[in-house]
Amino acid sequence: MSSTDIERQWTTRLRHRVTGHLPPEKVLPDTQPAYVASWIYVFGVTTMVALSMVILTGFVLAIRGPQWWHTSDVGHYVNSLHLWSVEVFFFAMVIHLWGKFFMAAWRGRRALTWMTGVVTFLTSIAAAFTGYVSQTNFDSQWISTQAKDGINATGAGSIFNVLNLGQMLMWHIVLLPLVAVILTAVHVVMVRVRGVVPPFEDAPPEKP
Amino acid sequence: MVGLPLLAALFPLDHLGHYIHWGWVYISYANAIVVALMVICFVAAIWVPFPGRNRRKESR
Ligand code: HEM
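Residues numbered from 1 in each chain as written. Chains lettered and ligands numbered in written order. Predicted model: local features only at pLDDT ≥ 70, side-chain atom pairs only at ≥ 80, totals over all residues. Heavy atoms only, no water.

**Remarks on the interface of chain B and chain A**
Size of an interface: often given as the accessible area lost when the parts come together. The line we're drawing: When checking whether two residues touch, look at their non-hydrogen atoms; a contact exists if any pair is within 4.5 Å. The quantity reported as buried area is the accessible area (1.4 Å probe) lost by two parts once they are put together, taken as the sum for both. By definition here, a salt bridge exists when the distance from a side-chain nitrogen of Lys or Arg to a carboxyl oxygen of Asp or Glu is within 4 Å. Under this definition, polar contacts are N or O atom pairs within 3.5 Å; protein pairs additionally need one hydrogen-donor-capable and one acceptor-capable atom, and for neighbouring residues in sequence, both atoms have to be side-chain atoms. Strands here are runs of E lasting at least two residues and helices are runs of H or I lasting at least four, both read from the DSSP assignment and numbered beginning at the N terminus. Residue classes follow a fixed rule: Ala, Val, Leu, Ile, Met, Phe, Trp, Tyr, Cys and Pro count as nonpolar, while Asp, Glu, Lys and Arg count as charged, and any other residue, Gly among them, counts as polar.
Contacts between the two partners involve 15 residues from chain B, matched on the other side by 17 residues from chain A. Across the chain B/chain A interface, buried area totals approximately 1,400 Å², and carbon plus sulfur atoms make up 78% of it. If you sort the residues of chain B by the area they bury against chain A, Met38, Phe42 and Phe50 of chain B come out on top, with a joint share of 41%. Viewed at the interface, chain A and chain B are joined by zero salt bridges. Summed over the shared surface of chain B and chain A, the result is one residue pair in polar contact (both at pLDDT 80 or more). Secondary structure elements with two or more residues in the side of chain B that touches chain A: helix H2 (29-47) and helix H3 (53-58) of chain B. In terms of residue count, the dominant contributor to the side of chain B that touches chain A is H2 of chain B (seven residues). When its residues are assigned to classes, the side of chain B that touches chain A shows twelve nonpolar, no polar and three charged.

What follows is the structure, given as structure tokens:
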């Protein structure tokens, strides 16, 4: 095999692409610009930690099942950890979002970072909703019977039936978490690829 | 489980919640408090100096 053959292999090309965009010092940098020393930058990481807690406690709930989380003390505790991690998740995500909005952090070819954030936000709302209707208690019955009319009015009810517990649970524990985690990974990798957005006064002038 | 009756007395969940109704604004106190806490955290995150910030500036 000649060296040009090797250069043309898809493995070689992909490796060059990945290491070109993301050399090790960008994946795990040891310094950040001075303006990153602000509390507002803590909220992206807080969101990530809360999401990890949501998924970890979700695993435990999935292993033991509804009887356990409704009737045992430890089950109630893990159920509460799951709920309160979601509360922290949304709390931190909204502050993160406000911060990035007022920094206009989509500047300098960072649109994909912003847009993956937007879609993660919408996905998380759907994940929280399907979680509320998957509780298997009177609360979830009440929420789903109230929500069905609204969702049916949009026409989505024919494929997304909030009274179908099996379907809601699958969305909640398979599809939506998968999408949220993949989008979060792309989001954070994009921050590493592009670097943290500079303040307005330090930013290079943008082409119109 | 000793604290449970106490908590239940402090946060009664078996009747309607309290709502702020101001023109077209209609929001439960619980949600309004969470929104207010988020705004407070946001303002604090911008105003409160980050520890070690000066040290880093000197070393630059
Ligand atoms: C699962 C939810 C999310 C997670 C885990 C997450 C995590 C992060 C992290 C760790 C960073 C880098 C540190 C920082 O600047 O705070 C970041 C940056 C960023 N986030 Fe998010 N985020 C989420 C949702 C969102 C949302 C909803 C938006 C806006 C709609 C958003 C917009 C951005 C932008 C534009 C940046 C880049 C900032 C820069 O380049 O300086 N994120 N995110």
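**Regarding the coordination of the iron atom of the ligand**
All names here are of chain A. Short version of the rule: Distances up to 2.8 Å from the metal define which N, O and S atoms are donors, and 3.2 Å serves for Na, K and Ca; water is absent from the atom set, so sites may look incomplete. Between 85 and 135 degrees for all angles marks four donors as tetrahedral; over 155 degrees for opposite donors together with 65 to 115 for all other angles marks four donors as square planar and six as octahedral; every other arrangement is irregular. Exposure is judged per residue with a 1.4 Å probe applied to protein chains only, and the accessible area is read against the type maximum: over 50% gives exposed, under 20% gives buried, and values in between give partly exposed.
In this structure, His96 (NE2) and His187 (NE2) serve as the protein donors to the iron atom of the ligand, at separations of 1.9 to 2.0 Å. Angles of 85 to 179° at the metal separate the six donor atoms of the iron atom of the ligand, which places the site in the octahedral class. Remark: His187 occurs in helix H9 (residues 165-194) and His96 occurs in helix H6 (residues 73-103); sequence separation between them is 91 residues. Take His96 and His187: they sit in the same class, and that class is buried.

Worth remembering: the numbers are spatial, not functional.
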